[in-house]
Amino acid sequence: MTRGARDESGVTQAAAPPRRGRAQDPYEDQGALRVSTQGLPGWLGPVVEAVRTVRPTQLSRFLPPEDGRGRQSAVLILFGEGPRGPELLLMERAGTLRSHAGQPSFPGGALDPEDGDPHTTGPLRAALREAEEETGLDPAGVQLFGVLPRLYIPVSEFVVTPVLGWWRDPSPVGAVDPAETARVFTVPVADLTDPDHRVTAVHPSGHLGPAFTVESALVWGFTAGVIDRILHFAGWELPWDRSRQVPLDWRA
């Protein structure tokens, strides 16, 4: 099995109460979770800067509805370091699922009531909880270091908060429930930036989007779009032939 880990930086430490006159970080409360960039490997620096400066419209044209519609959810974008350098943890959804069946994706899913406030630490808990349920990764080995602006998936009406983590202490992962997850795998960032692995996916509706041919999978849709933007704004993107097109199945 590939390696994997989940992160809840500071999970065993009680958070100090906010000082008077100082606004509390919305992603650090309840004494259970926090987002920290301390101690990260140097190569993650460009990603940290991209997360700090990127605007929602630079990530996607699909943004959460202003009327509040949509189901709150979160995904875990987990960076690790493997034999070939930096890598990302991905999974392939079971083909029997009602939403996004068979698609490679980040671990994640909808927020549960016990996850808490969707505008503060709720997405952090949901991303970690869902990743553990889907891949079996150990939360103690992950350091959360950033949160991207919320995005929207119109076809499933999910409002998605991308949560970024550093796989500080990897642990074994695999498909926990075959009814939800077909497989779990890691992808070297070197393969994601390799122009030979980059194509344009053509949806039957006519929509065009970035895609990646890696690890015997075609990564497309929301997941590929977020990866594409991270590579771009981190300065890792290499020129690639956008005219190379791969048609998607009509059921996609």
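Residues numbered from 1 in each chain as written. Predicted model: local features only at pLDDT ≥ 70, side-chain atom pairs only at ≥ 80, totals over all residues. Heavy atoms only, no water.

### What about the nonpolar core?
Step number 1: Within the largest apolar cluster, 36 residues are counted, with the highest numbers of intra-cluster contacts made by Val47, Ile77, Phe79, Leu148 and Leu164.
Step number 2: The greatest single-element share of this core, amounting to five residues, is contributed by helix 5 (residues 221–233).
Step number 3: Look past the residues within four positions of Val47 in its chain and what remains in contact with it is Phe79, Phe145, Leu164, Ile230, Ala234 and Trp236. (Core = buried A, V, L, I, M, F, W, Y, C linked by side-chain atoms within 4.5 Å. Buried < 20%, exposed > 50% of the residue type's maximum accessible area, 1.4 Å probe, protein only. Helix = DSSP H or I, 4+ residues; strand = E, 2+ residues; numbered from the N terminus. Contact = heavy atoms within 4.5 Å.)

### Concerning the pattern of salt bridges
Step number 1: According to the stated counting rule, one finds 12 salt bridges in the structure shown.
Step number 2: In this structure, the salt-bridge partner of Glu49 is Arg52, at a minimum N-O distance of 2.7 Å. Taken together, the positions of Glu49 and Arg52, both in helix 1 (residues 45–53) and three residues apart, correspond to about one turn of that helix.
Step number 3: Its relative accessible area of 38% is what places Glu49 among the partly exposed residues.
Step number 4: Glu237 is paired through a salt bridge with Arg242; the nearest N and O atoms lie 3.3 Å apart.
Step number 5: A single network of salt bridges, built from pairs that share partners, joins Asp112, Asp115, Arg129, Glu130 and Glu133. (Salt bridge = Lys/Arg side-chain N within 4 Å of Asp/Glu carboxyl O.)

### Notes on unusual backbone geometry
Step number 1: We note that Glu215 has phi near 50°; this positive angle belongs to a residue other than glycine.
Step number 2: By relative accessible area, Glu215 is classed as partly exposed at 35%.
Step number 3: Even without being glycine, Ser216 reaches a positive phi, approximately 60°.
Step number 4: Residue placement: Ser216 occurs in the loop between strand 12 (208–214) and strand 13 (217–219).

### Here's the deal with the pairing of strand 2 (residues 71–82)
Step number 1: With 10 of its 12 residues buried, strand 2 lies for the most part within the structure.
Step number 2: Pairing of strand 2 with strand 5 (residues 108–110) involves three bridges; the strand directions are antiparallel. Bridge pairing in strand 5 links Ser73 to Ala110.
Step number 3: Relative to strand 3 (residues 85–93), strand 2 runs antiparallel, the two sharing four bridges. Bridged to Glu81 within strand 3 is Pro86.
Step number 4: Hairpin connection, strand 2 to strand 3: the antiparallel pair is bridged by two residues. (Pairing = 2+ DSSP bridges.)

### Focus: the sheet that holds strand 12
Step number 1: In spatial order, the strands read 13-12-11-14; together these four strands make up an open sheet with mixed pairing. Both edges of this open sheet fall to strand 13 and strand 14 (245–247), since each of them pairs with a single strand only. Along the sheet, successive strands turn relative to each other by an average axial angle of 40°, direction set aside.
Step number 2: With five bridges joining them, strand 11 (residues 198–202) and strand 12 adopt antiparallel strand pairing. Bridging from a neighbouring strand, Val199 pairs with Ala211 of strand 12. (Axes fitted to C-alpha atoms, helices over the stretch in contact; angles between N-to-C directions.)

### A word on the packing of aromatic side chains
Step number 1: Inspection of every chain in the model, using the stated rule, returns five aromatic pairs.
Step number 2: When the centroid spacing of 6.5 Å and the interplanar angle of 45° are considered together, the rings of Phe79 and Phe145 count as tilted. Placement of the pair is Phe79 in strand 2 and Phe145 in strand 6 (residues 143–147), with a sequence separation of 66 residues. Phe145 carries the same exposure label as Phe79, and that label is buried.
Step number 3: Judged by centre distance (6.4 Å) and plane angle (80°), the ring pair of Phe79 and Trp236 falls under edge-to-face. A residue pair is termed long-range when its members are at least 10 positions apart, and Phe79 in strand 2 and Trp236 in the loop between helix 5 and strand 14 qualify at 157 residues. (Phe/Tyr/Trp six-rings, centres within 6.5 Å; stacked < 30°, edge-to-face > 60°.)

### A word on the side chain of Ser36
Step number 1: The residue Ser36 is located in the loop between strand 1 (3–4) and helix 1 in this model.
Step number 2: Engagement of the side chain of Ser36 in a polar contact is seen with the side chain of Arg34, the distance being 3.5 Å.
Step number 3: Not counting the four nearest positions on each side in its chain, Ser36 is found in contact with Gln143, Leu144 and Phe145. (Polar contact = N/O pair within 3.5 Å; in protein donor to acceptor, adjacent residues only side chain to side chain.)

### Section: the confidence of the model for the protein
Caution applies to low-pLDDT parts of the model: their predicted coordinates are not meant to be read in detail.
Step number 1: Across the protein, the average pLDDT comes to 87, with 83% of residues at 70 or higher.
Step number 2: This stretch, residues 1–24, has a pLDDT under 50; its non-local contacts, to residues over four places away or in other chains, come to 74 contacts. (pLDDT = per-residue confidence, 0-100.)

### A word on the environment of Glu87
Step number 1: In this structure, Glu87 sits in strand 3.
Step number 2: Here the alpha-carbon distance between Glu87 and Ala190, two residues 103 residues apart in the chain, equals 7.9 Å.

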